[in-house]
Amino acid sequence: MKTWPMWVAGTIALAAAFHILTVFGLPYGIMDRAMAGIVAEAGGVNKPVYPASATAASRGIVRPSPDLLYTACAYDVSERPVKLTSPVPDTYWSLSTFASNTDNFFVVNDRQVKTDRIEIILAASESTATEEGIPVIVAPSSKGIVLFRSLVPSEDLRAEIDAKRRQSNCKPL
Amino acid sequence: MVYVPIRAGVGGQVRRSNPEPGRGSIRGKSLKLALKLVAVVVVALLVGAGSALLFVRGSGLGGTVSVGPWQTSLAIGSSEADPYTRARVAIAGLLALNRSETIYFTAAQDDAGDALRSGCIYKVAGTDPPARWWSVTLYGADHYLVANDENRYSYGGATVARETDESFVITVGPQETEGNWIPTGGQADDTFSLTLRLYNPDPEAVSNPAGIALPHIVKEACPS
C-alpha cells in the first residue's frame, strides 16, 4: 500500500497547527519580552520606568512616538490589586492598559478625567477589596502593561511635562 | 548408517543464518520511520511558522481601511481584533491604542503605489486631519526610528510650518531642504514607512476612517 499520501496529509495538518500556534502565540511572546524589559529597567513588577524621549537608539518598543513622553509599568495583579496614580498635565495625556495578548482594555485621556489628578485601581476581579471611592478596572489577564503618554507639543514645555510624568506611579495595594 | 552428501559450497551460494531472525530489519525500519517523522516535523515547522511570519510581517500595521497609500485596521488595540491583526500589531505597533483614542495610519508606498525608498525625495502634502493632535513619523524597515544628524523623526500639528492657506508640505528625503524636512537616513536601498497618528480623532473620523482626507505622498526624484 502506498503511504506517501498519508505522510503528505500529516505534514500539511502539522504545518497548519504550527501556523495557528505561531499566529496565536506571537502577541503573548512579544508582550512577555516587552514586560521583561520594563521589569528589568524598573527593578520589578508594579514599578514605573520613565524612559527618555524615543530616538533612533531606542529599541524597547517598536514604532515609538518621539513626540510623547512615556511612563510604563509591567503590572501583576495575581496577588494584589495595583493602584495607578498620576497628575494630569495640560496637554494630551492618556493612561492605557494592555492585556498579555496586547488588547488595549482600558484607556482614559486628560479631557475625560476633568481633574488634575487621577487614581485608578487595577484588579483581577470586581470583588477584590480595594480603597473606597477609587474606580476599579478589572484586568482580563493577571499580567500586562500600563502606559502613560504625555504629549510634548514644544520644547519649551518639555521640562514641565517631564517633571509631571515622573510623578506617575504604579504601586501594589 | 546413512550417507549424506555435503553440497554446500559446491555450485551454490552459502547462506548465513541470522542468529536473531528479524531484528535487523525492524531496527532499519524503525530508523527510517524516525527519520521520516523528524523530516515531517521540520518541514511542517518551517512551512507553518514561516508562513505565519510572512503573513503577519510587513512594512506596517496593514489593515482593512485604505485612504490613498495610507492603511489602518479598525481592530487595532481592540479585544475584537482577529488573531492576525493582533500578531501584526504586536510586531509592528505594540501598545497601540484603540481607534476611539488614536487612529494609526501607515504608508509603505507613495501615491503611485511604489515602495518608499530612503534614497528618494517625497512631498507629503495635505491639511490638518480631523483630530485634536496629529503627527507624521518615519520608521525604518525594522520599525524603529531612523538615525540622522538632525535627530528629527517627525512633525506634528504643533510643530509643522504651514503654507499661507494653512496646508502643509513635508519633504521626506536624504538631503536637507528648506521648510519641513524629515531625513530618511540616506541609504538608497532601504525601505521605510510613515505613520500618521490621529490623537482624539473627531467622531466622524472614528465612525468612518475611510472618509478622512489624508496627506498625499508624491515622489519627486530618486537622486541616489
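Residues numbered from 1 in each chain as written. Chains lettered and ligands numbered in written order. Predicted model: local features only at pLDDT ≥ 70, side-chain atom pairs only at ≥ 80, totals over all residues. Heavy atoms only, no water.

Draft legend 1. Focus on the sheet that holds strand 7 (residues 136–138) of chain A. Residue and element names in this part refer to chain A. Pairing in this open sheet of four strands is mixed, and the strands run 7-6-3-9 from one edge to the other. With one partner strand each, in any of the chains shown, strand 7 and strand 9 (169–172) form the two edges of the open sheet. For this sheet, the mean inter-axis angle between neighbouring strands, taken without regard to orientation, is 25°. Of the strand pairs in this sheet, strand 6 (residues 117–123) and strand 7 are connected by three bridges, and their pairing is parallel. Counted as the bridge partner of leucine 122 is isoleucine 137 from strand 7. (Pairing = 2+ DSSP bridges. Helix = DSSP H or I, 4+ residues; strand = E, 2+ residues; numbered from the N terminus. Axes fitted to C-alpha atoms, helices over the stretch in contact; angles between N-to-C directions.)

Draft legend 2. Structural view of the environment of A:Thr115. One can find A:Thr115 in the loop between helix 2 (110–113) and strand 6. Distance in space between the C-alpha atoms of A:Thr115 and A:Pro87 is 8.8 Å, their sequence separation being 28 residues.

Draft legend 3. How the structure looks around a nonpolar patch on the surface. On the surface, B:Val38, B:Val42, B:Val43, B:Leu46 and B:Val47 cluster together into a nonpolar patch covering about 440 Å² of accessible area. Its place among the elements puts B:Val43 in helix 1 (residues 23–56). (Patch = residues over 30% accessible without salt bridge, like charges linked within 9 Å, V, L, I, M, F, W, Y side chains within 5 Å. Areas by Shrake-Rupley, 256 points an atom, 1.4 Å probe, with all protein chains shown as cover. Salt bridge = Lys/Arg side-chain N within 4 Å of Asp/Glu carboxyl O.)

Draft legend 4. Quick look at the layout of surface pockets. Computed from the structure, the largest pocket encloses a volume of approximately 600 Å³. Every residue lining the largest pocket is counted, 32 residues in all, and those nearest its centre are A:Pro51, A:Gly60, A:Ile61, A:Pro64 and A:Tyr70. Going through the elements one at a time, helix 1 (4–42), strand 2 (68–76) and strand 8 (143–151) of chain A together with strand 3 (102–107) and strand 9 (192–201) of chain B are the ones with two or more residues in the lining of the largest pocket. Looking at the lining of the largest pocket residue by residue, the class counts come to 19 nonpolar, eight polar and five charged. Within this model, the second largest pocket holds a volume of roughly 390 Å³. Around the second largest pocket, the lining comprises 21 residues; the ones closest to its centre are A:Pro66, A:Asp67, A:Glu155, B:Asn151 and B:Ser154. A class-by-class count of the residues in the lining of the second largest pocket yields nine nonpolar, seven polar and five charged. (1 Å grid on protein atoms, 1.4 Å probe; cavity = no way out; pocket = protein on both sides within 12 Å on 5 of 7 lines; lining within 4 Å. Points joined across faces, edges and corners; volume = space filled by probe spheres on them. Nonpolar A, V, L, I, M, F, W, Y, C, P; charged D, E, K, R; others polar.)

Draft legend 5. Region of interest: the environment of B:Tyr155. Residues and elements named next belong to chain B. Among the secondary structure elements, tyrosine 155 is positioned in strand 6 (residues 154–156). For the pair tyrosine 155 and leucine 138, spaced 17 residues apart in sequence, the C-alpha separation works out to 9.5 Å. Excluding its chain neighbours within four sequence positions, the residues that come into contact with tyrosine 155 are Trp134, Ser135, Val136, Val160, Ile170, Gly179, Asn180, Trp181 and Ile182. At 3.1 Å, the side chain of tyrosine 155 forms a polar contact with the backbone nitrogen of tryptophan 181. (Contact = heavy atoms within 4.5 Å. Polar contact = N/O pair within 3.5 Å; in protein donor to acceptor, adjacent residues only side chain to side chain.)

Draft legend 6. Structural detail: the pattern of salt bridges. Per the stated rule, a full pass over the model turns up ten salt bridges over all chains. A salt bridge links A:Asp110 to B:Arg132; the nearest nitrogen and oxygen atoms lie 2.7 Å apart. Linking A:Asp110 in helix 2 with B:Arg132 in strand 5 (residues 131–140), this pair reaches from one chain into another. In this structure A:Asp110 comes out as buried when scored by relative accessible area, which is 13%. Relative accessible area serves as the criterion here: at 28%, B:Arg132 is assigned to the partly exposed category. The shortest N-O distance in the salt bridge between B:Glu150 and B:Arg152 comes to 3.9 Å. Judged by its relative accessible area of 24%, B:Arg152 falls in the partly exposed class. What emerges from the salt-bridge pattern is a single network uniting A:Asp162, A:Arg165 and A:Arg166. (Buried < 20%, exposed > 50% of the residue type's maximum accessible area, 1.4 Å probe, protein only.)

Draft legend 7. Representation of the interface of chain A and chain B. If you look at the interface, chain A gives 46 residues, while chain B gives 57 residues. Summing the contributions of chain A and of chain B, the shared interface buries around 4,400 Å²; its carbon and sulfur component is 65%. It is A:Trp7, A:Val62 and A:Arg63 that lose the most area in chain A upon contact with chain B, and together they represent 19% of the buried surface on that side. Viewed at the interface, chain B and chain A are joined by three salt bridges. The salt bridge partner of B:Arg86 is A:Asp103, with a shortest N-O separation of 2.7 Å. Taken together, the connections running from chain A to chain B amount to 19 residue pairs in polar contact (both at pLDDT 80 or more). For the side of chain A that touches chain B, the elements supplying multiple residues, two or more each, are helix 1, strand 4 (93–99), strand 5 (104–109), helix 2 and strand 8 of chain A. Considering only residue class, the side of chain A that touches chain B consists of 25 nonpolar, 14 polar and seven charged. (Buried area = accessible area lost by both parts, 1.4 Å probe.)

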